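# Per-entry structural report
The lines below spell out each chain.
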Amino acid sequence: MLPHLPWEHLPSGSRYNDRREVPGLVREDFWGPDEGLVAAAYYRLLLQTQALDALTGELFERLRDLGVFEEAMVILTSDHGASFRPDASRR
């Protein structure tokens, strides 16, 4: 389920945050007024997206190693977008 909250993975896949909170969210789906915290959350999302890209690359490499890449169908999809504006909903 990447890249999903709490955005805690680096591009290497390692976790840098062992808490389930996202600074800047005042409720699960609403940002507080601090522009810096909202911007930091956006960058956390980008880092975790890079982790997902790395995992996708590993999956493709594994499919190639198994000799099934050309016959495989891989579907990547998303469930919703996100907004990163202070004092606004993140949806």
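First things first, this report covers the structure right here in the doc. Only a predicted model underlies this, so the values are computations on that prediction, with no experimental measurement involved. (Residues numbered from 1 in each chain as written. Predicted model: local features only at pLDDT ≥ 70, side-chain atom pairs only at ≥ 80, totals over all residues. Heavy atoms only, no water.)

Next up on the list: the packing of aromatic side chains. Following the criterion strictly, the structure yields six aromatic pairs and no others. On the numbers, 5.5 Å between centres and 45° between planes, the contact of W7 with F84 is tilted. In this pair, W7 sits in the segment before β1 (25-27) while F84 sits in the segment after α1 (35-65), placing the two residues 77 residues apart along the sequence. Like W7, the residue F84 is buried in the burial classification. Geometrically, the ring pair formed by F60 and F69 is edge-to-face, given 5.5 Å between the ring centres and 65° between the ring planes. (Phe/Tyr/Trp six-rings, centres within 6.5 Å; stacked < 30°, edge-to-face > 60°. Helix = DSSP H or I, 4+ residues; strand = E, 2+ residues; numbered from the N terminus. Buried < 20%, exposed > 50% of the residue type's maximum accessible area, 1.4 Å probe, protein only.)

Moving on to a nonpolar patch on the surface. A cluster of nonpolar side chains, namely Y42, Y43 and L46, defines an oily patch on the protein surface of about 300 Å² accessible area. In this fold, Y42 is placed in helix α1. For Y42, a relative accessible area of 36% gives the class partly exposed. (Patch = residues over 30% accessible without salt bridge, like charges linked within 9 Å, V, L, I, M, F, W, Y side chains within 5 Å. Areas by Shrake-Rupley, 256 points an atom, 1.4 Å probe, with all protein chains shown as cover. Salt bridge = Lys/Arg side-chain N within 4 Å of Asp/Glu carboxyl O.)

Moving on, we get to the environment of L25. Mapping L25 onto the fold places it in strand β1. Each C-alpha atom, one on L25 and one on L37, is 8.4 Å from the other, the two residues being twelve residues apart in sequence. Apart from residues no more than four positions distant in its own chain, L25 is found in contact with L5, F30, W31 and R90. (Contact = heavy atoms within 4.5 Å.)

Below, the discussion takes up the side chain of H9. Tracing the chain through its elements places H9 in the segment before β1. Given the relative accessible area of 17%, H9 is considered buried. Those residues in contact with H9 that sit more than four places away from it in its chain are L2, S14, R15, Y16, L47, Q48 and A51.

To continue, consider the pattern of salt bridges. If the charged atoms of two oppositely charged side chains come close together, the side chains can form a pair. For the structure shown, the criterion picks out three salt bridges. R91 is paired through a salt bridge with D29; the nearest N and O atoms lie 3.4 Å apart. Of this pair, R91 sits in the segment after α1 while D29 sits in the loop between β1 and β2 (30-31), placing them 62 residues apart in sequence. The class for D29 is partly exposed, based on a relative accessible area of 27%.

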